[in-house]
Amino acid sequence: MAVKRIPEGFHRVTPHLTVRDAAAMIEFYKKAFGAVEKRRAPGPDGKSIMHAEIKIGDSTVFLNDEFPEMGAFSPLGSKTTPVTLHIFVEDADKQFAQALSAGAEVVMPLADQFWGDRYGIVKDPSGHQWSIAHHVEDLTPQQMQERMGKAFCQ
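Residues numbered from 1 in each chain as written. Predicted model: local features only at pLDDT ≥ 70, side-chain atom pairs only at ≥ 80, totals over all residues. Heavy atoms only, no water.

A. Quick look at the overall build of the chain. Secondary structure summary: the chain contains four helices and eight strands in total. Helices (α) and strands (β) of the chain occur, in sequence order from the N terminus, as β-α-β-β-β-α-β-α-β-β-β-α. Projecting the C-alpha coordinates of the chain onto the three principal axes gives extents of approximately 55 × 45 × 25 Å. Burial status across the chain gives 38% buried among its 154 residues. Residue pairs at least 24 apart in sequence account for 51% of intrachain contacts in the chain once pairs closer than 6 positions are excluded. As displayed, the chain has an accessible area near 9500 Å², and 56% of this comes from carbon and sulfur atoms. Separation between the mean location of the 17 positive side-chain charges and that of the 20 negative ones in the chain comes to 4 Å. (Helix = DSSP H or I, 4+ residues; strand = E, 2+ residues; numbered from the N terminus. Buried < 20%, exposed > 50% of the residue type's maximum accessible area, 1.4 Å probe, protein only. Contact = heavy atoms within 4.5 Å. Areas by Shrake-Rupley, 256 points an atom, 1.4 Å probe, with all protein chains shown as cover. Lys, Arg positive; Asp, Glu negative; His and termini not counted. Charge placed at Lys NZ, Arg CZ, Asp CG, Glu CD.)

Written out as structure tokens, the structure is:
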């Protein structure tokens, strides 16, 4: 039987996060986003996590502990992150509150946005940003452009 090139249950793109204290971050993701842990492999010291897989909704996320000796830094170790992971949910208010109660920090407060989503951004305890949204209305490109103009003129 032929091996599937993209394993069952995976999408074309799979986020892979380097975090500080992967075991604690797995617990955070469970509380904040309802993640389910699929597997983990310990690092050489038997305590760190070399590779873990969690499932958030229908998406798999890989994660591992920081390994500075191998160039693997979390946003806390590198002092920045250029990436935001986006989650569409049924109820952004509920999910945003859940993430905050699990220990996330507000980066951008949740609000109705000019592009038709209720949207906000949180930062997890390891420094990764997560945008949380639910779609509110369908807009034409012209409507979005008009609303953007009004939003940025205020």
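Right, picking up where we left off after that structure.
B. Region of the structure containing helix α1 (residues 22-33). The first and last C-alpha atoms of α1 sit 15 Å apart over twelve residues, in line with the 16 Å expected at 1.5 Å per residue. Taken together, the buried positions of α1 are occupied by Ala22, Met25, Ile26, Phe28, Tyr29, Ala32 and Phe33. Projected down its long axis, α1 shows its buried positions confined to an angular sector of 160°, all on one face. Where α1 terminates, the next one or two residues include Gly34, which has phi positive at roughly 70°. (Expected span 1.5 Å × (residues − 1). Arc of directions from axis to C-beta.)

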